[in-house]
Amino acid sequence: MADVAKLVEELSKLTVMEAAELSKALEEEWGVSAAAAVAVAGPAGAGGGEAAAEEKDEFDVILTGDGGKKIQVIKEVRAITALGLTDAKALVEGAPKPIKEGVAKAEAEEIKSKIEAAGGTVELK
């Protein structure tokens, strides 16, 4: 049972995008539909997750901090996301929070550089 508990813990750490990639990888590997793969996803989760991570082409841009320059970071978040002032302020103050999810690598890198230029810290997942 300890191995199952570890697998459940690891699978719980997956983002929605990673879980979707895992589902697709398991469907291709075993030639089954997602409904059937759910029943056996636990034992094969570790190997499928690694393969999906290697082929990753979509990223989540996570704001991890404002670097002491909250106003500049809020302005940049508003420009990137088109959020209103209140929502952008809440996002920055609630860091770590995702700025954008499921974006291409080039766009993720561009967002990261803009936020870092404003003084904030960003992580790509």
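Below is a summary of the structure that appears in this document. In this convention, every chain numbers its residues from 1, walking through the sequence in written order. Reporting in this predicted model follows two pLDDT cut-offs: at least 70 for local features of residues, and 80 or more for side-chain atom pairs to be given and counted; totals over whole chains, interfaces and linings ignore these cut-offs and use all residues. The basis for every side-chain value is the complete set of heavy atoms in the structure, and neither hydrogens nor water enter the calculation.

Re helix H6 (residues 105-118)
Runs of H or I in DSSP of at least four residues are treated as helices and runs of E of at least two as strands, each being numbered from the N terminus. The length a helix should cover is 1.5 Å for every residue beyond the first. The terminal C-alpha atoms of H6 lie 20 Å apart, and with 14 residues this matches the ideal 20 Å at 1.5 Å per residue to within 8%. Where H6 is buried, its residues touch strand E1 (58-65), helix H4 (70-81), strand E2 (97-104) and strand E3 (121-124). The positive-phi residue at the C-terminal boundary of H6 is Gly119, with phi of around 115°. Whether two residues are in contact is decided by their heavy atoms, any of which lying within 4.5 Å being enough.

A closer look at the sheet that holds E1
Each strand in a sheet pairs with its neighbour through backbone hydrogen bonds, running either in the same direction (parallel) or in the opposite one (antiparallel). For two strands to be treated as a pair, DSSP must find no fewer than two bridges joining them. Read across the sheet, three strands follow the order E2-E1-E3 without closing on themselves; strand pairing throughout is antiparallel. Only two strands of the sheet have a single neighbouring strand rather than two, namely E2 and E3. Adjacent strand axes in the sheet meet at a mean angle of 25° when their direction is disregarded. Strand direction decides the pairing type here: E1 and E2, joined by five bridges, are antiparallel. Each bridged residue has a counterpart across the sheet, and for Phe59 the counterpart in E2 is Val103. As a rule, the C-alpha atoms of each element are fitted with a line to give its axis, helices using only the stretch in contact, and angles between N-to-C directions run from 0 to 180 degrees.

Some remarks on the nonpolar core
Residue types Ala, Val, Leu, Ile, Met, Phe, Trp, Tyr and Cys, when buried and joined through side-chain atoms within 4.5 Å, form a set referred to as a nonpolar core. Under the scheme applied here, a residue whose accessible area is under 20% of the maximum for its type counts as buried, over 50% as exposed, and between as partly exposed, the area being computed with a 1.4 Å probe on protein chains only. Judged by nonpolar contacts, the single largest core of 17 residues is most densely connected at Val61, Leu63, Val73, Val77, Val92, Ile99 and Ile115. Breaking this core down by element, the ones donating at least two residues are E1, H4, helix H5 (85-93), E2 and H6. For Val92, the residues in contact, after removing those within four places along its chain, are Leu63, Asp66, Lys70, Val73, Ile74 and Val77.

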